[in-house]
Protein chains: 2
Amino acid sequence: MSHLEQSFSVRFQYKIFFTTSLFKRSNPTLLNFFSEQPSEVRKILFVVDQQVAEAHPNLLEDIETYFNQIKPINLVKDILIVPGGEVSKNDVYYFNQVIEAVNVYGIDRHSYIAAIGGGAVLDMVGYAATVAHRGVKQIRIPTTVLSQNDSGIGVKNGINYKGKKNFVGTFSPPAAVFNDNQFLLTLSDRDYRSGIAEAIKVALIKDYDFFVWLENNADALVKRHVESMDYLIKRCAQLHLEHIGGADPFETGSARPLDFGHWSAHKIEQLSDFAITHGEAVAMGIALDSAYSFLLGWLREDKLLRVLNLLKQLSFDIINSHIQINDLASPVLIGLTEFQEHLGGKLTITLLTDLGQKAEVNEMIHPMLVKASHYVTAYVRDCLITSDNK
Amino acid sequence: MSHLEQSFSVRFQYKIFFTTSLFKRSNPTLLNFFSEQPSEVRKILFVVDQQVAEAHPNLLEDIETYFNQIKPINLVKDILIVPGGEVSKNDVYYFNQVIEAVNVYGIDRHSYIAAIGGGAVLDMVGYAATVAHRGVKQIRIPTTVLSQNDSGIGVKNGINYKGKKNFVGTFSPPAAVFNDNQFLLTLSDRDYRSGIAEAIKVALIKDYDFFVWLENNADALVKRHVESMDYLIKRCAQLHLEHIGGADPFETGSARPLDFGHWSAHKIEQLSDFAITHGEAVAMGIALDSAYSFLLGWLREDKLLRVLNLLKQLSFDIINSHIQINDLASPVLIGLTEFQEHLGGKLTITLLTDLGQKAEVNEMIHPMLVKASHYVTAYVRDCLITSDNK
């Protein structure tokens with residue numbers, strides 16, 4: 001018996017641009033980006049979230065006008081419109097539509113597929129782009145708070161399978177991300193606020209100063225103050241990028257610290273048939289796992305209360321029936337097993353030891369989760385804490 | 001306008017083991033491999049090429065017996081059988097079968113999917129493994145000369161789409177490759193010989209000494225001398241690995257030097273409805289592009305004749321009707337466009353400047369391809385060369 005050994009490294013690099021009115025003729029962001037790319041003739045195919053196209057009736061025309069002035073790249077005239085939200089990930093039909101477009105329009109490996117939309121649409125289009133010809137260049141143009149500060153800027157793509165989130169997908173970085181704050185103007189208050197949950201999450205596990213900033217700017221964020229949201233998105237994106245670029249970008253290990261609060265969040269989304277948004281579910285998960293961190297003796301109670309207060313200030317519903325763990329048969333507890341199965345290996349859950357500080361456990365004590373859930377419910381119901389609830 | 005920049009490297013590493021009777025109880029290769037892996041409980045799902053299962057009636061039982069003695073890993077009792085050859089890549093049904101098995105048997109990201117079969121089955125199973133949960137560990141056990149020395153040991157996975165080869169797929173290295181020379185014993189002479197084409201190819205572009213070795217051992221290879229084939233596979237695998245581990249493992253550029261002779265080979269396979277094997281088509285492509293290299297003034301005629309002689313010694317049919325370019329309307333010429341489209345960017349074709357030396361061109365002169373085709377035909381028909389044929 002003998003063997004040969006293969007070993008190599010692959011370098012990945014991309015930029016996340018922050019801009020206003022990306023497709024305004026005078027905006028040089030996209031023009032500059034394409035001018036800096038290798039000069040061969042390439043194509044760009046756009047796939048647009050239907051909700052975004054409807055909220056921005058001039059968008060398709062603006063894209064066409066903008067690309068008429070960019071010489072080194074040819075816009076595919078037919079722009080593909082796909083439904084927004086999880087429906088685009090739940091039905092493989094939309095993924096197949098993108099693959100067929102690559103076939104019909106002769107999109108090659110040096111050409112681009114640009115997706116404009118919320119996180120779900122970016123996930124689905126990104127997956128199709130990364131497997132077509134084993135990888136067409138993908139450009140992400142996220143249009144929600146959540147996708148601009150978190151899901152749209154990372155390296156994950158995927159679609160659902162039989163209701164299981166991201167059951168098939170790839171780790172594959174985009175060629176570039178363009179965050180345009182104008183897309184946020186047409187979001188509903190609910191969607192706008194929803195995306196703030198990931199900022200709270202990343203602040204809680206990584207950056208106390210950012211958590212304090214969120215406390216101080218909660219009112220401005222509720223009032224949709226543009227500069228505050230610009231700062232939030234950029235800081236949150238930066239913290240996510242730093243983490244992804246760290247030790248394990250393609251998640252070969254079992255730990256996933258960025259998924260603080262997510263084991264229950266994924267399950268809540270599914271239990272609600274995706275009526276609860278990802279951000280809303282994450283807010284619920286943060287409340288639950290922060291309370292659990294307190295009950296475990298890791299997080300001081302006054303700090304837990306600051307977390308719950310912030311969630312309340314931003315009007316997050318953290319006692320929705322789907323998150324409530326009334327007994328050991330509560331369906332959300334199945335989320336622990338599914339979370340472990342998706343990551344593989346040992347169960348690894350991130351908890352808080354302080355605001356901005358995390359640690360991992362390999363076990364969640366179910367009766368303590370029941371208590372944590374009761375604690376959150378009591379907090380919201382009474383807005384005062386009595387030792388009975390512990 | 002401002003931006004953030006993301007940048008990171010990912011290291012990939014795997015071993016290619018060479019062994020005899022991998023599933024014999026006394027063979028420690030697999031046992032040692034799994035003993036060296038992290039010790040969490042994991043599963044392994046086998047997917048086996050139907051032709052291989054039929055040629056080795058004890059295989060499934062041997063696998064079961066073998067894994068009974070390996071503590072750190074649990075064999076999934078149901079072994080999936082899929083058809084061998086391109087049919088497994090042409091119909092997405094088989095890909096879906098593997099995804100469903102991952103779902104049903106709870107294969108997580110730290111578990112393994114092992115594929116036993118020819119290159120097509122490894123490509124298909126590898127693709128399913130690399131997208132399930134964004135990447136389950138894949139083990140490749142190639143059973144043909146071609147897959148043991150080339151396609152099975154690299155980083156490419158994929159299936160066909162509407163007849164277009166590898167239209168969807170990934171670049172994703174396996175966890176390990178196990179080359180067992182016992183699988184070669186049951187191959188037909190045709191399949192056995194077919195895989196030698198890739199060895200000739202890699203020798204021609206990279207290693208003159210290996211080419212000379214092939215000339216000197218052609219008879220032994222025809223007689224299926226085991227040690228000769230062992231050497232051929234290992235040396236060929238090594239040359240392929242060195243190339244893949246080089247500058248551009250995931251092929252972000254337009255060049256693909258390992259694809260010497262392949263632009264026509266891909267098309268010939270398709271034109272013959274895959275009745276011509278990949279190796280046979282590559283042999284035809286090598287003959288054509290070597291003759292073209294000569295006509296271009298790059299390769300000396302005596303050296304071209306050594307290439308054609310070697311192909312003849314190994315009984316390759318290099319004047320099949322599908323490779324013949326009688327005029328500018330010959331269908332194989334469409335292969336140039338399709339090759340360019342799949343790779344993207346400029347057309348980049350590898351040719352020979354000497355035995356063991358390559359160079360690239362960005363254009364293939366169609367009338368010269370007609371001449372090259374005629375040259376090969378005349379060589380085979382007459383086995384003597386007259387200047388009229390040039």
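Residues numbered from 1 in each chain as written. Chains lettered and ligands numbered in written order. Predicted model: local features only at pLDDT ≥ 70, side-chain atom pairs only at ≥ 80, totals over all residues. Heavy atoms only, no water.

(A) Fine view of the overall build of chain A. Of regular secondary structure, chain A possesses 16 helices and 11 strands. For 390 residues, the compact-globule formula gives about 21 Å, and the C-alpha radius of gyration of chain A, at 21 Å, lands near that figure. Principal-axis analysis of the C-alpha atoms places the extent of chain A at approximately 70 × 65 × 35 Å. For chain A, the proportion of its 390 residues judged to be buried stands at 61%. Within chain A, counting contacts between residues at least 6 apart in sequence, those at least 24 apart form 76% of the total. By element, 49% of the accessible surface of chain A is carried by carbon and sulfur atoms, the whole surface being about 14,400 Å². (Helix = DSSP H or I, 4+ residues; strand = E, 2+ residues; numbered from the N terminus. Rg over C-alpha atoms; globule rule 2.2 N^0.38 Å. Buried < 20%, exposed > 50% of the residue type's maximum accessible area, 1.4 Å probe, protein only. Contact = heavy atoms within 4.5 Å. Areas by Shrake-Rupley, 256 points an atom, 1.4 Å probe, with all protein chains shown as cover.)

(B) Region of the structure containing helix α9 (residues 196–206) of chain B. Of all 11 residues making up α9(B), 10 are buried, and the element is well covered by its neighbours. Here α9(B) has its buried residues at B:I196, B:A197, B:E198, B:A199, B:I200, B:K201, B:V202, B:A203, B:L204 and B:I205.

(C) Seen up close, the domain arrangement of chain A. All names here are of chain A. In terms of domains, chain A is made up of domain 1 (15–186) and domain 2 (196–389). Facing 24 residues of domain 1, the contacting portion of domain 2 comprises 27 residues. Taken as a group, N149, K165 and F171 account for 26% of the area that domain 1 buries against domain 2, more than any other trio of residues on that side. Between domain 1 and domain 2 we count 2 salt bridges in total. Counting only elements with at least two residues in the side of domain 1 that touches domain 2, the list comes to β1 (2–19), α7 (145–151), β7 (156–161) and β8 (164–171). Broken down by element, the side of domain 1 that touches domain 2 gets its largest block of residues, 5 residues, from α7. (Domains from an automatic or database assignment. Buried area = accessible area lost by both parts, 1.4 Å probe. Salt bridge = Lys/Arg side-chain N within 4 Å of Asp/Glu carboxyl O.)

(D) Structural context of the pattern of salt bridges. Throughout the structure, instances matching the rule amount to 29 salt bridges over all chains. The partner of A:D189 in a salt bridge is A:R224, and the shortest N-O contact between them spans 2.8 Å. Taken as a pair, A:D189 in helix α8 (residues 189–194) and A:R224 in the loop between α10 (208–222) and α11 (226–244) lie far apart in primary sequence, 35 residues in all. Among the ionic pairs, B:R306 bridges to B:E215, the shortest N-O distance being 2.8 Å.

(E) Just the nonpolar core, in detail. Of all hydrophobic cores here, the largest spans 171 residues; its most connected members are A:I200, A:L232 and B:L232. When residues in this core are grouped by element, the largest group, 11 residues, is from helix α13 (residues 278–295) of chain A. Among the nonpolar cores identified, the runner-up in size contains 56 residues, and B:L45, B:V82, B:V121 and B:V125 belong to it. (Core = buried A, V, L, I, M, F, W, Y, C linked by side-chain atoms within 4.5 Å.)

(F) Quick look at unusual backbone geometry. Residues and elements named next belong to chain A. Positive phi values are uncommon outside glycine, yet K162 reaches one of about 45°. The topology assignment puts K162 in the loop between β7 and β8. Look at F274: it is not a glycine, yet its phi comes out positive at around 65°. Relative to the assigned elements, F274 resides in the loop between α12 (262–271) and α13. F274 gets classed as partly exposed once you look at its relative accessible area, which sits at 21%.

(G) Representation of the relation of the copies chain B and chain A. With an RMSD of 0.0 Å, the fit of chain B onto chain A corresponds to turning through 180° and sliding 0.0 Å along the axis. Here the two chains are linked by the operation of a two-fold rotation axis. In terms of C-alpha distance to the rotation axis, chain B has B:V10 as its closest residue, with the C-alpha 2.7 Å off the axis. The residues that chain B uses at the interface reappear at the interface of chain A in 100% of cases, marking a shared surface. (Least-squares fit on C-alpha atoms with pLDDT ≥ 70 in both.)

(H) Fine view of helix α11 (residues 226–244) of chain B. Compared with the 27 Å implied by 1.5 Å per residue over 19 residues, the 27 Å span of α11(B) between its first and last C-alpha is a close match. Of the residues making up α11(B), those classed as buried are B:S228, B:M229, B:L232, B:I233, B:R235, B:C236, B:A237, B:L239, B:H240, B:L241 and B:I244. (Expected span 1.5 Å × (residues − 1).)

(I) Examining the packing of helix α9 (residues 196–206) of chain A against α10(A) more closely. Residue and element names in this part refer to chain A. Running from N to C, α9 and α10 point in directions that differ by 155°, and their axes come no closer than 7 Å. The angle between α9 and α10 places the two elements in the roughly antiparallel class. Considering how the two elements wind past one another, α9 and α10 form a crossing that is left-handed. Each of I196, A199, I200, V202, A203, L204 and K206 in α9 lies in contact with α10, whose residues at this interface are Y208, F210, F211, L214 and L221. Class assignment of the residues belonging to the contact of α9 with α10 gives a composition of 11 nonpolar, no polar and 1 charged. (Axes fitted to C-alpha atoms, helices over the stretch in contact; angles between N-to-C directions. Parallel < 35°, antiparallel > 145°, perpendicular 65-115°, else oblique. Left-handed = near helix turned anticlockwise from the far one by under 90°. Nonpolar A, V, L, I, M, F, W, Y, C, P; charged D, E, K, R; others polar.)

(J) Expanded view of the confidence of the model for chain A. Of the residues in chain A, 97% have a pLDDT of 70 or more, and the chain-wide mean is 93. Reported confidence for the predicted complex is 0.91 by ipTM and 0.92 by pTM. (pLDDT = per-residue confidence, 0-100.)

(K) The arrangement of the packing of α9(B) against α11(B) in detail. Residue and element names in this part refer to chain B. α11 packs onto α9 with a crossing angle of 55° between their chain directions and a minimal axis gap of 10 Å. It follows from the interaxial angle that α9 and α11 lie oblique. The handedness of the crossing between α9 and α11 is left-handed. Only M229, L232, C236, L239, H240 and H243 of α11 make contact with α9, whose side of the interface consists of I196, E198, A199, K201, V202 and K206. For the contact of α9 with α11, the class distribution of residues is 7 nonpolar, 2 polar and 3 charged.

(L) Just the side chain of A:S264, in detail. Residues and elements named next belong to chain A. The topology assignment puts S264 in helix α12. Look at S264 and you get buried, because its relative accessible area is 0%. With residues up to four places along the chain from it excluded, the contact list for S264 reads G285, L288, I323 and V332.

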